[in-house]
Amino acid sequence: MPLSSSASPARAAASPLQPRSVSYRTESPVKVAVVGAGAIGAYVGAALHRAGADVHLIARGPHLAAMRRDGVRVLSPRGDFTARPSATDDPSDVGPVDFVFLGLKAHSYAASGPLVHPLLHDRTAVVAAQNGIPWWYFHGLAGPHAGRRIHSVDPAGTVSSTLPPERAIGCVVYAATEIEAPGVVRHLEGTRFAIGEPDLTLSRRCHEFSEAMVAGGLKCPVEADLRKDIWIKLIGNISFNPISALSRATMGQICRHPDTRALVESMMRETLDVAAAVGCRPEISVERRIAGAERVGDHKTSTLQDLEKGKPLELDVLLAAVVELADLAGAPVPTLRAVHALADLLASTSSGAAAPAGSA
């Protein structure tokens with residue numbers, strides 16, 4: 001029986017969910033299940049499928065119905081194509097796979113057990129394509145914080161009990177996609193999906209997944225230290241995403257406004273200070289990062305889009321986790337704390353929570 005998402009970390013340690021072997025398959029094609037086959041997940045699944053991988057998309061609603069009927073239609077400046085992988089809302093129909101590609105938002109991980117567990121055998125790897133600080137961040141990492149759980153992203157160990165860190169392959173996404181219509185994915189830019197092991201090894205399973213992605217026309221470098229990529233992407237997400245949600249402004253508007261541009265710079269520098277305090281020093285210029293965001297133009301961040309659609313805001317892994325790491329390492333982050341307070345209030349009031357009696 002698969003573990004429920006409420007299982008304790010102690011039970012998870014003895015669970016069949018834990019990988020029991022370090023050997024990996026050598027046959028081809030690889031079998032991949034995409035859990036959360038939205039814009040990014042369906043794009044990855046379509047690319048893998050057209051290269052010959054055995055792909056199964058897990059989705060629901062009109063998007064699933066369209067993919068079952070017509071396949072996944074990808075509209076891209078690199079060339080349009082249609083792929084017809086298997087698509088279902090029941091992972092039990094798929095059975096165990098070699099790789100689970102998680103296209104879910106991070107706040108859905110703890111409850112993902114019913115979707116993920118039927119797909120696991122003793123060597124299944126979980127490729128977690130998430131923004132922000134992952135639940136496995138200190139897993140396999142030497143130093144004073146080795147094995148530490150980050151409460152903001154893994155409260156009470158609920159994510160680790162559902163997705164044991166030993167299964168995790170980190171993934172930093174540098175591609176932009178959107179669902180234009182059910183079953184239709186528009187690829188806007190970028191094809192890079194950097195991956196890496198939490199323990200800094202260059203594993204065979206990473207290379208196997210990378211080869212399948214590259215065969216599908218994507219870039220998938222295997223990084224010795226993926227945490228550098230995590231922080232490089234995070235300094236943009238941690239600043240632009242909450243500011244855009246609070247102000248309803250696009251990235252271009254934030255950059256063109258002198259005071260919010262200065263706010264972004266302050267948040268980025270504080271974030272890099274936290275990264276250094278926990279042992280990671282990514283090579284990135286704050287000025288170049290802001291200039292790159294400005295070139296994107298009047299694009300709405302994913303957090304602003306979620307806010308406008310009434311969806312939960314993915315801010316714990318972007319902002320709350322970094323403030324928690326700052327507390328852990330003793331790094332002063334006054335700007336991050338102030339924006340976090342406002343963003344946390346926004347998240348709580350925009351999620352349908354009732355206002356206190358007598359409030360204005």
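In this text the structure is predicted, and so the values were computed from the model without any measurement.

### Comments concerning the overall build of the protein chain
Along the backbone of the protein chain there are 13 helices and eleven strands. Across the 360 residues of the protein chain, 52% fall into the buried class. Counting contacts in the protein chain only where the partners sit at least 6 residues apart, residues at least 24 apart contribute 73% of the total. Just so you have it, the protein chain exposes about 15600 Å², and 53% of that area is on carbon and sulfur atoms.

### Some thoughts on the packing of helix 7 (residues 226-247) against helix 13 (residues 334-350)
In the contact formed by helix 7 and helix 13, the axes pass within 10 Å of each other and the chain directions differ by 45 degrees. With respect to helix 13, the element helix 7 is oriented oblique. Of the two possible hands of crossing, helix 7 and helix 13 adopt the one that is left-handed. Contact with helix 7, carried on its side by I238, P242, A245 and L246, involves L336, V339, L342, A343 and L346 of helix 13 and no other residues of that element. Across the contact of helix 7 with helix 13, the residue classes tally to nine nonpolar, no polar and no charged.

### Quick word on helix 6 (residues 204-215)
Between its first and last C-alpha, helix 6 extends 17 Å over twelve residues, near the 16 Å set by a 1.5 Å rise per residue. R205, C206, E208, F209, S210, A212 and M213 are the residues of helix 6 that are buried. On its buried face, helix 6 is in contact with helix 2 (39-50), strand 6 (99-102), strand 7 (125-129), strand 8 (168-173) and strand 11 (193-196).

### Overview of the confidence of the model for the protein chain
Do not read the fine detail of predicted coordinates wherever pLDDT is low. Per-residue confidence for the protein chain averages 90 on the pLDDT scale, and 89% of its residues sit at or above 70. Between residues 352-360, whose pLDDT stays under 50, and residues either more than four places distant or in other chains, the model counts one contact.

### A closer look at the pattern of salt bridges
Summed over all chains, the structure comprises 14 salt bridges. For R68, the salt bridge is made with D89, and the minimal N-O distance between the two is 3.9 Å. Within this pair, whereas R68 is found in helix 3 (residues 61-70), its partner D89 is found in the loop between strand 5 (86-88) and strand 6, the two being separated by 21 residues in sequence. Here D89 falls in the partly exposed class, since its relative accessible area comes to 47%. Measuring nitrogen to oxygen at the nearest pair gives 3.1 Å for the salt bridge that ties K300 to E308. The class of E308 is partly exposed, set by a relative accessible area of 46%. Through salt bridges that share partners, R192, E223 and D229 make up one connected network.

### A few points about helix 9 (residues 258-277)
Taking 1.5 Å as the rise per residue, helix 9 with 20 residues should run 28 Å; its terminal C-alpha atoms sit 29 Å apart, in good agreement. Burial in helix 9 covers these residues: T260, V264, M267, M268, E270, T271, L272, V274 and A275. At the C-terminal side of helix 9, G279 shows a positive phi close to 95 degrees.

### Topic: the pairing of strand 1 (residues 31-35)
Burial within strand 1 is extensive, with four of its five residues counted as buried. Note that the unit made of strand 1, helix 2 and strand 2 (residues 54-58) has a crossover that is right-handed. Of the strand pairs in this sheet, strand 1 and strand 6 are connected by four bridges, and their pairing is parallel. From the neighbouring strand, A33 faces strand 6, where its bridge partner is V100.

### Concerning the side chain of K233
Here K233 shows up in helix 7. One buried charged residue, K233, remains without a salt bridge, the closest side chain of opposite sign being E314 at 8.5 Å. In this structure, K233 is in contact with N131, V172, V173 and R289, ignoring residues within four places of it in sequence.

### Topic: the sheet that holds strand 10 (residues 184-189)
Ordered by their spatial adjacency, four strands build an open sheet running 4-3-10-9, and the pairing between neighbours is mixed. Unpaired on one side and paired on the other, strand 4 (81-83) and strand 9 (176-181) mark the two borders of the sheet. Averaged over all pairs of adjacent strands, the angle between their axes in this sheet comes to 25 degrees, without regard to strand direction. With three bridges connecting them, strand 3 (residues 72-75) and strand 4 associate as antiparallel partners. Looking at strand 4, one finds that V72 is bridged to A83.

How each quantity is defined
- Residues numbered from 1 in each chain as written.
- Predicted model: local features only at pLDDT ≥ 70, side-chain atom pairs only at ≥ 80, totals over all residues.
- Heavy atoms only, no water.
- Helix = DSSP H or I, 4+ residues; strand = E, 2+ residues; numbered from the N terminus.
- Buried < 20%, exposed > 50% of the residue type's maximum accessible area, 1.4 Å probe, protein only.
- Contact = heavy atoms within 4.5 Å.
- Areas by Shrake-Rupley, 256 points an atom, 1.4 Å probe, with all protein chains shown as cover.
- Axes fitted to C-alpha atoms, helices over the stretch in contact; angles between N-to-C directions.
- Parallel < 35°, antiparallel > 145°, perpendicular 65-115°, else oblique.
- Left-handed = near helix turned anticlockwise from the far one by under 90°.
- Nonpolar A, V, L, I, M, F, W, Y, C, P; charged D, E, K, R; others polar.
- Expected span 1.5 Å × (residues − 1).
- pLDDT = per-residue confidence, 0-100.
- Salt bridge = Lys/Arg side-chain N within 4 Å of Asp/Glu carboxyl O.
- Right-handed = clockwise from strand over helix to strand, strands pointing away.
- Pairing = 2+ DSSP bridges.
- Lys, Arg positive; Asp, Glu negative; His and termini not counted.

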